[in-house]
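Next come the chains, spelled out residue by residue.
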Amino acid sequence: MDREKNISPMGMTVTRNLCIDRLRRLKTHPHESLTGHDAPDGQRSAQAMMEDHENAEWMRGAVRNLPDKYRAVLRMRQVEHLEMGEIARIIGATEGVVRTILSRARKQMMEQLKVRRD
């Protein structure tokens, strides 16, 4: 991941998943704001843009903190969109091992996100 300059695909996947989580939460908390920003559509505040920049920097750091194997498998799956079998062949493991590594990498990222939110 250190060599990956454009982390946008992974950031988009994480953002999409967070949005899905937020929409699911809306079912139980219907008065919660979706955007968290009061600016009308198309007008983003300097604060919102700063938060986006900080979030992208945090994401890069969180990915750098992953063990090398986790980072490599996560990049192959999320950025390069490789199939599990292909990743397994590249790293010389079974698909089950790849799924486990990917699950642990995602779990570690989620734990870091929870710590950041607190």
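Use the structure listed above.
Since the structure is predicted, the reported quantities are computational estimates derived from the model, not experimental observations.

The rules behind each value
The numbers attached to residues start from 1 for each chain and follow its sequence in the written order. A pLDDT threshold of at least 70 governs which residues receive local features in this predicted model, and a stricter bar of 80 or more applies before side-chain atom pairs are shown or counted, although totals over entire chains, interfaces and linings include all residues. Note that the side-chain values use all heavy atoms of the structure and ignore hydrogens as well as water. Labels follow the DSSP assignment, with helices taken as runs of H or I lasting at least four residues and strands as runs of E lasting at least two, numbered in each case from the N terminus. Note on definitions: a residue-residue contact is assigned when non-hydrogen atoms from the two residues lie within 4.5 Å. Surface accessibility in these figures is a Shrake-Rupley result with a 1.4 Å probe; residues are shielded only by whichever protein chains are displayed. Partly exposed describes any residue whose relative accessible area lies between the buried limit of under 20% and the exposed limit of over 50%, with all areas from a 1.4 Å probe on protein chains only and scaled to the type maximum. A carboxyl oxygen of Asp or Glu within 4 Å of a side-chain nitrogen of Lys or Arg is what we treat as a salt bridge. Side-chain atoms within 4.5 Å link the members of a nonpolar core, which is a set of buried Ala, Val, Leu, Ile, Met, Phe, Trp, Tyr and Cys residues. Note on definitions: angles span 0 to 180 degrees between N-to-C directions of axes, and those axes are lines fitted to C-alpha atoms, for helices only across the stretch in contact. In this scheme, roughly parallel covers angles under 35 degrees and roughly antiparallel covers those over 145, while 65 to 115 is roughly perpendicular and the rest are oblique.

**Student:** Is there a simple way to think about the overall build of the protein in this case?
**Tutor:** Secondary structure summary: the protein contains five helices and zero strands in total. When contacts within the protein are restricted to residue pairs at least 6 apart in sequence, long-range pairs at least 24 apart make up 58% of them. When the accessible surface of the protein is summed, it comes to about 8600 Å², and 52% of that surface belongs to carbon and sulfur atoms.

**Student:** Even after reading the chapter, I still don't get unusual backbone geometry, so can you show me in this structure?
**Tutor:** Most of the time, phi is negative for any residue but glycine, and the peptide bond is trans. Phi is positive for His81, which is not a glycine, with a value near 55 degrees. Mapped onto the secondary structure, His81 falls in the loop between helix H3 (68-79) and helix H4 (84-91). Among the residues examined, His81 registers a relative accessible area of 55% and is labelled exposed.

**Student:** Would you explain the pattern of salt bridges in this entry?
**Tutor:** Any two side chains of opposite charge can pair, on the condition that their charged atoms come close. Under the counting rule described, the total for this entry stands at four salt bridges. Arg60 is the salt-bridge partner of Glu57, the closest N and O atoms lying 2.8 Å from each other. Here Arg60 and Glu57 lie together in helix H2 (residues 46-64), a separation of three residues that amounts to about one turn. Since its relative accessible area comes to 37%, Glu57 is described here as partly exposed. Taking relative accessible area as the criterion, Arg60 reaches 28% and is therefore assigned partly exposed. Among the ionic pairs, Glu95 bridges to Arg99, the shortest N-O distance being 3.4 Å. One end of the pair, Glu95, and the other, Arg99, are both in helix H5 (residues 95-117), four residues apart, so they sit about a helical turn from each other.

**Student:** Whenever I open this one, the nonpolar core confuses me. Can you help?
**Tutor:** Note that soluble globular proteins tend to have their nonpolar side chains buried in a common cluster. In this structure, Val73, Leu74, Ile87, Val98 and Met109 are the most contacted members of the largest nonpolar core, which totals 19 residues. Among the secondary structure elements, those contributing two or more residues to this core are H2, H3, H4 and H5. Look past the residues within four positions of Val98 in its chain and what remains in contact with it is Val73, Met84, Ile87, Ala88 and Ile91.

**Student:** I would appreciate a short explanation of the packing of H3 against H5 in the present structure.
**Tutor:** To describe two helices that pack against each other, one gives the angle between their axes and the distance between the axes. Following both chains from N to C, one finds H3 and H5 inclined at 100 degrees, their axes separated by 9 Å at the closest point. With respect to their mutual orientation, H3 and H5 come out roughly perpendicular. Residue-level contacts link Lys69, Tyr70, Val73, Leu74, Arg77 and Gln78 of H3 to Val98, Ile101, Leu102, Arg104, Ala105, Arg106, Gln108 and Met109 of H5.

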